[in-house]
Amino acid sequence: MSRVSWSEAWRRVRNVLEMSDLVLEVIDSRDPIETRNKKLEKLLDRLGKPLIIVINKADLIPMDILKEWKKYLEREYPTVFISAKNRLGTRKLIVSIKQYAPRLPVRVSVVGYPNVGKSTIINYLKGRHVAETSPVPGWTIGEQIVKAKQWLIVIDTPGVIPPEEVKDEALLIIKGAIDPSKLEDPVLPAVKLIMRIKSFNPKAFMDRYGVDSEDPMELLELVGRRRGLLLKGGKVNIRGAAIALIKDWILGKLIYYYKPGVISNA
Ligand SMILES: Nc1nc2c(ncn2[C@@H]2O[C@H](COP(=O)(O)OP(=O)(O)OP(=O)(O)O)[C@@H](O)[C@H]2O)c(=O)[nH]1
Ligand SMILES: [Mg+2]
């Protein structure tokens, strides 16, 4: 679904990083490992730019798990967890920006995969709606520079797109690279996503839909029926069910989490 090539997108991210004094890397609390971008972190280290990791969507997972992630990630970078949507922990974010800013006024860029909440964070920092947000991954297209406070300039960026090596459709969805309504075949990606969600949270589907099955295709069928997604003749619209399920992940309505150390990332 990318509108620009990976190398072009990466070049643009690099340009933004170069003109920043401090960088916020936003990740999704539900899957910190897969929404973290080590390539980006390595580049920042090389450029000598300070980085704060912002675990966003903290409203979706338990506090004790958030605290474990903070402790774990802080071995490498200062880390805060926030819910930009519910405005929780956001004051801590401002304190951290001031603490790690090499100078004031400071230029802070907000980077990360699509849909992690970068634009929502910018809006919070500004105190009003200046950056468009959307549950459609890849919403922000160009960079946007916003004077959030007298001492704070923030740069909103389009999400970084995953490298071509990432082929697993479940991981592509989690990294915000897939807009399900544009997929020719959303069923296989939905099946892969179901398997990943189930592996971490066996209750996710019962909690969300009130139905469950060990067989992902059967689960899609049950979800479709539950949602009234039927074709003429009463058969379930499996494609529609697959899109709905992927959208629910994107909207934060399907939830899983895991503790640090459970999976690794090269
Ligand atoms: N539950 C929850 N949802 C959030 C939070 N912050 C943002 N969202 C939602 O996540 C979706 C994406 O938010 P955006 O701010 O548009 O994300 P983005 O990173 O700018 O996305 P792109 O512009 O596509 O790269 C929206 O539906 C937001 O409402 C949060 O703290 N909690
Ligand atoms: Mg955005």
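Residues numbered from 1 in each chain as written. Chains lettered and ligands numbered in written order. Predicted model: local features only at pLDDT ≥ 70, side-chain atom pairs only at ≥ 80, totals over all residues. Heavy atoms only, no water.

### What to know about the UniProt feature "domain: CP-type G" (unreviewed entry) in the protein chain
Phase 1: Under the UniProt annotation, the feature "domain: CP-type G" (unreviewed entry) is placed at residues 10–163.
Phase 2: End-to-end, the C-alpha atoms of residues 10–163 are 9 Å apart, and along that stretch the chain is 35% helix and 21% strand. (UniProt positions renumbered as here; feature names shortened; annotations may be inferred. Helix = DSSP H or I, 4+ residues; strand = E, 2+ residues; numbered from the N terminus.)

### Some details on empty space enclosed by the protein
Phase 1: Applying the stated criterion to the full structure yields one cavity of 30 Å³ or more.
Phase 2: Roughly 50 Å³ of internal volume is contained in the largest cavity.
Phase 3: If you go around the largest cavity, the residues you meet are Asp28, Arg30, Thr35, Pro114, Asn115, Val116, Pro137, Ile173, Ile174, Gly176, Trp249 and Ile250.
Phase 4: Counting residues per element, the ones that place at least two in the lining of the largest cavity are α7 (169–174) and α11 (238–250).
Phase 5: When grouped by side-chain class, the residues that make up the lining of the largest cavity number seven nonpolar, three polar and two charged. (1 Å grid on protein atoms, 1.4 Å probe; cavity = no way out; pocket = protein on both sides within 12 Å on 5 of 7 lines; lining within 4 Å. Points joined across faces, edges and corners; volume = space filled by probe spheres on them. Nonpolar A, V, L, I, M, F, W, Y, C, P; charged D, E, K, R; others polar.)

### Side note on the environment of Thr79
Phase 1: On the secondary structure map, Thr79 appears in strand β3 (residues 79–81).
Phase 2: Between the alpha carbons of Thr79 and Val262 there is a distance of 19 Å; along the sequence they are 183 residues apart.
Phase 3: With sequence-adjacent residues up to four places away left out, Thr79 is seen in contact with Ile53, Ile55, Lys70, Leu73 and Glu74. (Contact = heavy atoms within 4.5 Å.)

### Digging into the domain arrangement of the protein chain
Accessible area lost upon the coming together of the parts serves often as the stated size of an interface.
Phase 1: Along its sequence, the protein chain is organised into domain 1 (6–156) and domain 2 (179–250).
Phase 2: For domain 1 and domain 2, the distance between their C-alpha centroids amounts to 31 Å.
Phase 3: Contact residues are listed per partner, giving nine residues for domain 1 and four residues for domain 2.
Phase 4: Summing the contributions of domain 1 and of domain 2, the shared interface buries around 550 Å²; its carbon and sulfur component is 50%.
Phase 5: When the area that domain 1 buries against domain 2 is broken down by residue, the three leading residues are Arg30, Asp31 and Pro137, summing to 62%.
Phase 6: Between domain 1 and domain 2 we count one salt bridge in total.
Phase 7: Between Arg196 and Asp31 there is a salt bridge, with its nearest N and O atoms 2.8 Å apart.
Phase 8: Counting across the domain 1 and domain 2 interface gives three residue pairs in polar contact (both at pLDDT 80 or more).
Phase 9: When the residues that make up the side of domain 1 that touches domain 2 are grouped by side-chain class, the tally is three nonpolar, one polar and five charged. (Domains from an automatic or database assignment. Buried area = accessible area lost by both parts, 1.4 Å probe. Salt bridge = Lys/Arg side-chain N within 4 Å of Asp/Glu carboxyl O. Polar contact = N/O pair within 3.5 Å; in protein donor to acceptor, adjacent residues only side chain to side chain.)

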